[in-house]
Amino acid sequence: MTEKLQSYEPATGALLWEGLPGDVDAEVERAASAWPLWAAQPVTNRMETLRRFANAVRAKEEALSDLIARETGKPLWEARMEVSSVIGRVDMHISTYSERTGQKRMDGAMNSRQSVRHKPHGVIAVIGPYNFPADVPAGQIIPALIAGNSVVFKPSEKTPATGALLMALFQDAGVPRDVIRFLPGGPETGKQLVKHEGINGVLFTGSARTGITINRMLGAYPEKIVALEMGGNNPLVVWDTPDLATAAFIIVQSAYGTSGQRCTAARRLIVKDSLANGIVAELRKLIARLIVDHPHADPAPFMGPVIDNETADGLSESFMALMGMGGRPLVHLKRPQEDRPFLSPALIDMTSVDERPDIELFGPILQLIRVDSFDSAIREANATRYGLSAALIGGSPEQYDQFWRQVRAGIINWNGPTFGIGGAAPFGGVGVSGNHHPAGGYAADFCAYPVTSSEAEQPRATIGIGLTPVDTSSMGD
């Protein structure tokens, strides 16, 4: 008997959604049968359908926000921001698709013309994360559909309810039912989907371990597009700045927003040694004021719980492991309710630890590292296999130029949080943070492939060299 999938509210433990895993073969087959007709439509028709999707989301904005807040545990105000982002992505992707994949015509030789147009890949698998269960999948589904692909969408097994409502909104807007298919399921379902011979591309957002597994599984299939966004061990450097209070606000936003469950969250705080004590004092004051509570609490919380008890247990064990390595806790990680995954923000000084673990602790844990030179700060920032985001607070314009040139990351900010970029900008990283920048304004690049053509209305050809002469001696006979 197939075991049911269940989703629980992290803040309360209440059952929110249950259903059966999807049938991978059936869903891929239906998507494969539908995409040629969808691709044959004018792109303007597909764009108009997606505009109707934006209107459908707008009509259910509060219901979707409430569902996201309950299923992820994030504050309601943050869930509302996520839904607003989903709505805004439609016009953004329509604009960037036209910009990056618009048809080009050029004059060619012998009265021919050169053209560059784009074709969809076919059936695209979109595998979503739990931290932004509507916005991140929408950021990949929308450009995939605009390009003429069909989509099989597998949400995180931790947020299937949000995925189901998102799917219903696409279909309410007029996206044909077989063009976008909903595939709930766990890791095994995801593996079957990735390996399925009917899949032409995989767009994945999640952990580095899972993304690397997907990359290995498809290493022998270069014909399949694989776009991966896999998080980071992101550095935030604080250098010469007179405003430590503002620096503390940026640090807290970067490290503890969404309970630290952002792929772009700051994981390592690298600070000029002479500023470290002052920064720590400001952080302690600010962290003590942060409200950690359920999504609908009044007053509104800064952050809610992490996604589930298993995650909270793992983060608690990781914090103890950092202490065991020699880390000095400055603000302890606390768990006020043993049966619920609420965690308070934590800060630990890892300066004296020689071999710091290069891992992504996906929660509200920030590691402090003190350095005595700007070159040392850059070396510390680059001491990772990841390369998603990095930020510098303070410093001179010349130091920011050096930081930008030498730090290896796909997002590099100055005097702002590690995650602060606009939706139209390309989003992604290097190293084990991923490839292809599979979100943001460059999404069209992996949703359609360019086809270059030389075209003439009449056949024209000649060979001017390399032929034997024509024998004309017998032409008069």
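To be clear, the structure that these remarks concern was listed above.
Residues numbered from 1 in each chain as written. Predicted model: local features only at pLDDT ≥ 70, side-chain atom pairs only at ≥ 80, totals over all residues. Heavy atoms only, no water.

A closer look at the environment of Thr258
Definition in use: For helices the rule is a DSSP run of H or I covering at least 4 residues; for strands it is a run of E covering at least 2, with both sets numbered from the N terminus onward. When accessible area is computed with a 1.4 Å probe and restricted to protein chains, residues below 20% of their type maximum are described as buried, those above 50% as exposed, and intermediate ones as partly exposed. Whether two residues are in contact is decided by their heavy atoms: any pair within 4.5 Å suffices.
Take Thr258: it is sitting in the loop between α9 (244-256) and β11 (266-272). For Thr258, a relative accessible area of 5% translates into the label buried. Linking Thr258 and Asp243, residues 15 residues apart in sequence, is a C-alpha distance of 25 Å. Residues contacting Thr258, with those up to four places away along its chain left out, are Lys74, Glu78 and Phe132.

Digging into the pattern of salt bridges
Going by this rule: Criterion for a salt bridge: a side-chain nitrogen of Lys or Arg within 4 Å of a carboxyl oxygen of Asp or Glu.
Summed over the entire model, instances satisfying the criterion amount to 25 salt bridges. For Glu27, the salt bridge goes to Arg181, with nearest N and O atoms at 2.6 Å. Highlighted residues: Glu27 in helix α1 (residues 24-40) and Arg181 in strand β7 (residues 180-182), separated in sequence by 154 residues. Both residues of the pair, Glu27 and Arg181, belong to the buried class. Asp349 is paired through a salt bridge with Arg370; the nearest N and O atoms lie 2.9 Å apart. Of this pair, Asp349 sits in strand β13 (residues 346-349) while Arg370 sits in strand β14 (residues 365-371); the two residues are 21 residues apart in sequence, bridging distant segments of the chain. Here Asp349 matches Arg370 in class, with each residue buried. Salt bridges sharing common partners tie together Glu27, Arg30, Asp178 and Arg181.

Re the sheet that holds strand β15 (residues 389-393)
Heads up, the condition is: Only strands that DSSP links by at least two bridges are regarded as paired with each other. Axes, fitted as lines to C-alpha atoms, cover a helix only where it is in contact. Angles between the N-to-C directions of the axes lie from 0 to 180 degrees.
Pairing is mixed in the open sheet, where seven strands are placed in the order β12-β13-β14-β11-β10-β15-β16. Either end of the sheet is taken by a strand with one partner, and the two such strands are β12 (328-331) and β16 (411-414). Adjacent strand axes in the sheet meet at a mean angle of 25°, parallel and antiparallel pairs treated alike. In this sheet, β15 lies alongside strand β10 (residues 234-238) in parallel orientation, the contact comprising three bridges. Across the sheet, residue Leu236 finds its bridge partner in β15, namely Ala391. In the packing of helix α12 (residues 374-381) onto the sheet, the strands contacted are β10, β11, β14 and β15, and the crossing angle to β11 comes to about 170°. Strands in contact with helix α13 (residues 397-406) are β10, β15 and β16; relative to β16, the strand with the most contacts, it is inclined by about 170°.

Observations concerning the layout of surface pockets
Heads up, the rule is: Buried and open spaces are told apart on a 1 Å grid over the protein atoms alone, a cavity being a set of points where a 1.4 Å probe fits but cannot get out and a pocket being an open set with protein on both sides within 12 Å along at least five of seven lines. Residues with an atom within 4 Å of a point are the lining residues. Grid points are joined across faces, edges and corners, and a volume is the space filled by probe spheres set on the points. Polarity classes work like this: nonpolar for Ala, Val, Leu, Ile, Met, Phe, Trp, Tyr, Cys and Pro, charged for Asp, Glu, Lys and Arg, and polar for all others, with Gly in that last group.
The volume enclosed by the second largest pocket comes to roughly 270 Å³. Val43, Arg46, Tyr97, Thr101 and His118 are the residues nearest the centre of the second largest pocket, which is lined by 16 residues in total. Those elements giving two or more residues to the lining of the second largest pocket turn out to be α2 (43-59), α4 (76-101) and β4 (113-120). Considering each element in turn, the lining of the second largest pocket owes the most residues, four residues, to β4. Along the lines of polarity and charge, the residues of the lining of the second largest pocket split into eight nonpolar, six polar and two charged.

A short note on the packing of aromatic side chains
Cut-off, in case you're wondering: Ring pairs are drawn from Phe, Tyr and Trp, using the six-membered ring of Trp, whenever the two centres fall within 6.5 Å, and their geometry is named by plane angle: stacked under 30 degrees, edge-to-face over 60, tilted for the rest. In our convention, an over-ring charge means Lys NZ or Arg CZ found within 6 Å of a ring centre and within 35 degrees of that ring's normal.
Inspection of the entire model under this criterion finds five aromatic pairs. When the ring of Trp239 is compared with that of Phe374, the centres are 5.4 Å apart and the planes differ by 70°; the resulting orientation is edge-to-face. Pair noted here: Trp239 is in the loop between β10 and α9 and Phe374 is in helix α12, with a separation of 135 residues, a long-range link. Taking 4.8 Å as the distance between ring centres and 5° as the angle between the ring planes, the aromatic pair formed by Tyr400 and Trp414 counts as stacked. Here Tyr400, found in helix α13, pairs with Trp414, found in strand β16; they are 14 residues apart in sequence, far enough to count as distant. One cation-aromatic arrangement involves Lys224 over Tyr221; the distance from NZ or CZ to the ring centre is 6.0 Å. Positioned above the aromatic ring of Phe419, the side-chain terminus of Arg262 is 4.2 Å from the ring centre.

A closer look at the state of the cysteines
Quick note on the threshold: The disulfide criterion is simple: two cysteine sulfur atoms within 2.5 Å.
Under the defined criterion, the tally for this structure stands at zero disulfides. Take Cys263: it sits in no disulfide, and the sulfur closest to it among the cysteines is that of Cys447, at 18 Å. Judged by relative accessible area, which is 14%, Cys263 ranks as buried. For Cys447, a relative accessible area of 1% puts it in the buried group.

Description of the environment of Tyr400
By relative accessible area, Tyr400 is classed as buried at 16%. Measuring from C-alpha to C-alpha, the distance between Tyr400 and Gly190 comes to 41 Å, with 210 residues separating the pair along the chain. With residues up to four places along the chain from it excluded, the contact list for Tyr400 reads Leu392, Ile412, Asn413 and Trp414.

Description of the sheet that holds strand β19 (residues 448-455)
The strand order across the open sheet formed by three strands is β3-β4-β19, and the pairing between neighbours is antiparallel. For this open sheet the edge positions go to β3 (104-107) and β19, each flanked by a neighbour on one side alone. Within this sheet the neighbouring strands show an average axis-to-axis angle of 25°, counted without direction. Note: β3 against β4, four bridges, orientation antiparallel. Paired with Asp107 across the strands is Arg113, a residue of β4.

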